[in-house]
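Single-letter residue listing:
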Amino acid sequence: MSRIEFRNVRHAYPPPPGQAPVYALKEVSQVWEDGGAYALLGPSGCGKTTLLNIISGLLTPSEGSILFDDNEITQRPTADRHIAQVFQFPVVYDTMSVFDNLAFPLRNRGMPESQVQARVIEIAEMLDLSDRLKHRASGLSADGKQKISLGRGLVREDVNAILFDEPLTVIDPHLKWQLRSKLKELHQQIGVTMIYVTHDQVEALTFADKVVVMHDGGVVQVGTPVELFSRPRHTFVGYFIGSPGMNVLPCRLDNGQPVFANNLLSSGYPADTDLSGKLEIGIRPEFVHFASQGIPVAIEKVEDLGRYQVVTVKHETEQIKMIVAEDQLIPSENPQIQFDPENLRIYCDDWAVGADGA
Ligand code: ADP
Ligand code: MG
């Protein structure tokens, strides 16, 4: 097992002739501590697969270095790295039995057959594949095949890390939930570093102790689910995590405090007074409340989601989402809102500013 470190890693795929390279990874310096359960979360195209393939060695980065336990391995081939990788779509040997598929990574490394048997049986049990061990892999559904791929990723105990690249994409929703909790359980049992790539915040937040949020080829924040919710360092984190995401509204500053459409607000994290750049406030819908004195709004939409209501209001041209208790009445005359100062953050060019902001 290893601690994995990226130092100033950048990667550009070869550009079409005559064009300048575009960096799929802009610059990543990041440590994955030994034994951690990490999720790599971000929208499609932000560089997640590129980053995983650089860890496993399928790709050599254009710049920067990769270290496993302080040993530089940037140019070393995949076989030397002892990384197991599970891809988005099943990779199985169709003509082999389920058993032989699971045994493959172990036999490949010369494990004695008696140990292979024991380990394959254990992994098959965990993934509910025990009754199909003798079947040919070709006869299984997409779900079944992906379980084999997961099994092949999990079967070796001598790996530095296990990488999962959106592994549950082809899995049925109810099984998805089951497999996700299994992976989490397994991580607790075997303690190998796991990096789980997903674009789904629920998957990321349930699997991981630490979530690495990626946006446009870079890492914008690394934190626990609670940290990402309560202190988004970047407007993208605020917007991407949470449902609905954080409200991001234009503002100017008055003595370090934000002014939104001529309403002077109060933030627990005032900004330096000499800031310049695109200035915005971020406030999550959970921290916007109706009040007897505040910012006048018009109610645009009320969605009853059972346990709570999502209310969309408008002030001048700006839409604001609020989460309101299920039993709370929505004011019908002259509605006004307030932002909770402790959860109102100021952003400059998308990065949080103010005490402990940046
Ligand atoms: P993700 O896994 O987050 O969806 P990727 O790492 O696959 O993102 O892709 C990041 C960026 O790199 C995207 O803009 C994608 O189009 C580009 N890209 C990925 N693979 C290649 C490739 N083999 N050649 C050229 N561009 C690529
Ligand atoms: Mg991908």
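Residues numbered from 1 in each chain as written. Chains lettered and ligands numbered in written order. Predicted model: local features only at pLDDT ≥ 70, side-chain atom pairs only at ≥ 80, totals over all residues. Heavy atoms only, no water.

K.L.:
Help me out: how do you make sense of the overall build of the protein in this one?
P.N.:
A count of helical and extended segments in the protein gives eight helices and 22 strands. Over its C-alpha atoms, taken along the principal directions, the protein stretches across nearly 75 × 50 × 40 Å. In the protein, which comprises 358 residues, the proportion classed as buried is 49%. When contacts within the protein are restricted to residue pairs at least 6 apart in sequence, long-range pairs at least 24 apart make up 66% of them. Just so you have it, the protein exposes about 16,900 Å², and 49% of that area is on carbon and sulfur atoms. Between the mean site of the 32 positive side-chain charges and the mean site of the 46 negative ones, the protein shows a separation of 6 Å. (Helix = DSSP H or I, 4+ residues; strand = E, 2+ residues; numbered from the N terminus. Buried < 20%, exposed > 50% of the residue type's maximum accessible area, 1.4 Å probe, protein only. Contact = heavy atoms within 4.5 Å. Areas by Shrake-Rupley, 256 points an atom, 1.4 Å probe, with all protein chains shown as cover. Lys, Arg positive; Asp, Glu negative; His and termini not counted. Charge placed at Lys NZ, Arg CZ, Asp CG, Glu CD.)

K.L.:
When you look at the packing of helix 4 (residues 142-154) against helix 5 (residues 173-190) in this model, what are you seeing that I'm missing?
P.N.:
Helices that pack against each other are described as a pair by the angle of their axes relative to one another and the distance between those axes. Between helix 4 and helix 5, the shortest axis-to-axis distance is 13 Å and the interhelical angle comes to 5°. Compared by their axis directions, helix 4 and helix 5 come out roughly parallel. Residues D143, K147, L150 and L154 of helix 4 form the contact with helix 5, whose participating residues are L175, L179, L183 and L186. The class makeup of the residues in the contact of helix 4 with helix 5 is six nonpolar, no polar and two charged. (Axes fitted to C-alpha atoms, helices over the stretch in contact; angles between N-to-C directions. Parallel < 35°, antiparallel > 145°, perpendicular 65-115°, else oblique. Nonpolar A, V, L, I, M, F, W, Y, C, P; charged D, E, K, R; others polar.)

K.L.:
I tried to follow the side chain of D143 on my own but got confused; where do I start?
P.N.:
With respect to the element layout, D143 can be found in helix 4. Buried charge without a salt bridge: D143, with K147 as the nearest opposite-charge side chain at an N-O distance of 7.0 Å. If near-sequence neighbours (up to four positions away) are discounted, D143 is found in contact with V170, I171, D172 and L175. (Salt bridge = Lys/Arg side-chain N within 4 Å of Asp/Glu carboxyl O.)

K.L.:
Honestly, the sheet that holds strand 15 (residues 279-283) in this entry has me stumped. Any pointers?
P.N.:
Hydrogen bonds along the backbone pair up the strands of a sheet, which may run parallel or antiparallel. Spatially, 11-15-21-22 is the arrangement adopted by the four strands of the open sheet, whose pairing is antiparallel. What marks the edges here is a single partner per strand, and that holds for strand 11 (247-250) and strand 22 (351-352). In this structure, strand 21 (residues 345-348) lies alongside strand 22, joined through two bridges in antiparallel fashion. Within strand 22, the position partnered with Y347 by the bridge is A352. (Pairing = 2+ DSSP bridges.)

K.L.:
Which parts of the structure should I look at to understand the environment of R231?
P.N.:
Looking at the secondary structure, you find R231 in the loop between helix 7 (225-230) and helix 8 (235-240). Residue R231 is classed as partly exposed on the basis of its relative accessible area, which comes to 37%. Separated by 113 residues in sequence, R231 and L344 place their C-alpha atoms 9.8 Å apart.

K.L.:
So what exactly am I meant to see when it comes to the pairing of strand 7 (residues 161-165) here?
P.N.:
Strand residues, when the strand is regular, have side chains that alternate between the two faces of the sheet. Buried residues dominate strand 7, accounting for five of its five residues. Burial along strand 7 is two-sided: A161, L163 and D165 facing one way and I162 and F164 facing the other are all buried. Relative to strand 7, strand 6 (residues 83-86) is paired through four bridges, and the arrangement is parallel. Looking at the pairing, Q85 lines up with L163 of strand 7. The pairing of strand 7 with strand 8 (residues 193-198) spans five bridges and is parallel. In the strand pairing of strand 8, D165 is matched with V197. Each parallel crossover has a hand, and the one from strand 7 via helix 5 to strand 8 is right-handed. (Right-handed = clockwise from strand over helix to strand, strands pointing away.)

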